There are 2 protein chains.
Amino acid sequence: MTDAATRRSTLVIMVGYRGEGFSGMAEQPGRRTVLGELRRALEVVLRREVELDAAGRTDAGVHALGQYVSLPLRGPECQLSGRRMHASLVALTPDDLSVRALYRAEAGFSARFDATSRHYRYRIACGAARPVMAWDHAWWLRSQPRLDVAAMDRAARCLVGEHDFASFCKASSAQLIRHDGRSTCRNVQRVRVSQDNEAGEPLVTVEVDGNAFLHNMVRIVVGSLVEVGSGRRDVSWVRAALDACDRRAAGPTAPARGLCLEGVDYPAGALLPWD
Amino acid sequence: MTDAATRRSTLVIMVGYRGEGFSGMAEQPGRRTVLGELRRALEVVLRREVELDAAGRTDAGVHALGQYVSLPLRGPECQLSGRRMHASLVALTPDDLSVRALYRAEAGFSARFDATSRHYRYRIACGAARPVMAWDHAWWLRSQPRLDVAAMDRAARCLVGEHDFASFCKASSAQLIRHDGRSTCRNVQRVRVSQDNEAGEPLVTVEVDGNAFLHNMVRIVVGSLVEVGSGRRDVSWVRAALDACDRRAAGPTAPARGLCLEGVDYPAGALLPWD
């Protein structure tokens, strides 16, 4: 092992999961959560108690392909074989949770605080026919034969940049954030609405990238864009909703099942594959 | 309604389903099957007993996006609103079955006998990490870090054309076919093996198109191609297996969960959308 590798004493795990069976990412007493399952598996592998840090606190029902979790390691643990640890973690985790890859990072690295960008994707199936393969990871708008994707994409442009997204935050969370003197400003790097064909099925896809997100933010953005795509609101309404800084000005919260945390960015070179 | 439409007195339904909850397509007493669920729904809508004909007899666990089912209609039934009938069928069918579209065809049309081509897709996930979104519709080869896709594609070429596929047919079915004096020859129109990225996950995809298929044929083709892709057999072995006309010469039967009936072709103009 190189010197550089031995100095890297944080274990970073890329995980995916299907959200329907979990009460979200964060641990809650008596509930089945992603971090709970992962912690249990890691405690068996490392034979000690562990505390995990995650890039995104996804809600109950939200899926992930590229969620990241980090854990500081102790001296001899850095010598473990990544391949063997990976095999053990796969064997110790349930079918709806996937340990996708293991990385090493410097001591002090945090999957949460070192993340520079989070990528979310939301899938929508339109029309009378029930989605098949996308059933458990798309929002089925059965009474909506189609959405005006171009209008949704235009409406979304005003969201890009640094803004106060209080209108797109769960009201109780926004209140708590204000009470703590923290900010509801976030930087949205990109929003893209497109018509896709995934595994043979037509889907409308909303991709949102940002430095960080407020509680329910992507789902309220999607719920608002669907108001535009369905013709119930016009394109300029989304900007008015943003400017209002009031949850009541935006659209409904789209269901969790359509949302997926696709990936997280970290500074170049921060993560080394752990073989 | 046009004269042409009224002469079209066969209802054709395009259906999709996730296979894990069904004991296959064909009805079996006491089992949950796709045709059983569909028949029950149609009998409520049409208020009479119906008998259905299907393009492909998919096995237990096999999925479909473009399966076709046909049903001769009686006089006044031809006047029904397709849109309303579609909504009723969607409401009367379970979550893992999708009534995707309704068509009209001429009297005497059969979803089974008028089909000119069937398109199947098989998905394989390689490597230690459990597939996430593809979990229920891919074969997970966990101890196989990668497959030689180019070798698999080359090995598959000898299958294209009219051949006796007895080696790629469930042994008991081949015996029955021979006993009945029928043929195990089929015409494979295309086989393509490729490395795909679907919904964010890397998958090896095997697409097979043919006029018709023997029992387990696509799954044995895939099982054999994986022998080549994993390096256990060389490219020429698939042709030797084909020539042997003996099930024991081919590879194992790949699991049902990776297989999907993607679509079926009918002569141009045979199906008219039913609005």
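One can find the structure itself at the top, above this paragraph.
Since this is a predicted model, take the numbers as computed values, not measurements. (Residues numbered from 1 in each chain as written. Chains lettered and ligands numbered in written order. Predicted model: local features only at pLDDT ≥ 70, side-chain atom pairs only at ≥ 80, totals over all residues. Heavy atoms only, no water.)

(A) Local environment of the relation of the copies chain A and chain B. Placing chain A over chain B gives an RMSD of 0.0 Å and needs a rotation angle of 180 degrees, together with 0.0 Å of translation along the axis. Read as a symmetry element, the transformation amounts to a two-fold axis. Residue E198 of chain A of chain A places its C-alpha closer to the rotation axis than any other residue of that unit, at 3.5 Å. Both copies share a contact surface, since 100% of the interface residues of chain A are interface residues in chain B too. (Least-squares fit on C-alpha atoms with pLDDT ≥ 70 in both. Contact = heavy atoms within 4.5 Å.)

(B) Representation of helix α5 (residues 171-179) of chain A. All names here are of chain A. All of the buried residues along α5 are S173, A174 and I177. Down the axis of α5, the sector holding all buried residues measures 100 degrees, keeping them to one side. Exposed side chains of α5 directed beyond 90 degrees from the buried face belong to Q175, L176 and H179. (Buried < 20%, exposed > 50% of the residue type's maximum accessible area, 1.4 Å probe, protein only. Helix = DSSP H or I, 4+ residues; strand = E, 2+ residues; numbered from the N terminus. Arc of directions from axis to C-beta.)

(C) Spotlight on the interface of chain A and chain B. Tallying the contact residues gives 33 residues for chain A and 33 residues for chain B. If you sort the residues of chain A by the area they bury against chain B, R130, V132 and M133 of chain A come out on top, with a joint share of 27%. On inspection of chain A and its partner chain B, the count reaches two salt bridges. The partner of D95 of chain B in a salt bridge is R130 of chain A, with the nearest N and O atoms 3.9 Å apart. At the surface where chain A touches chain B, the tally comes to 12 residue pairs in polar contact (both at pLDDT 80 or more). At the level of secondary structure, the elements contributing two or more residues to the side of chain A that touches chain B comprise β1 (10-17), β3 (63-72), α3 (82-92), β4 (97-105) and β9 (201-210) of chain A. Ranked by residue count, the leading element in the side of chain A that touches chain B is β4 of chain A, at four residues. (Buried area = accessible area lost by both parts, 1.4 Å probe. Salt bridge = Lys/Arg side-chain N within 4 Å of Asp/Glu carboxyl O. Polar contact = N/O pair within 3.5 Å; in protein donor to acceptor, adjacent residues only side chain to side chain.)

(D) The arrangement of the pairing of strand β5 (residues 117-126) of chain B in detail. Residue and element names in this part refer to chain B. β5 sits mainly inside the fold: eight of its 10 residues count as buried. Examined bridge by bridge, β5 and strand β9 (residues 201-210) share seven bridges and lie antiparallel to one another. Note on β9: the bridge partner recorded for Y120 is V208. By the bridge criterion, three bridges tie β5 to strand β6 (residues 139-141) in an arrangement that is parallel. By the bridge assignment, I124 is partnered in β6 with W139. (Pairing = 2+ DSSP bridges.)

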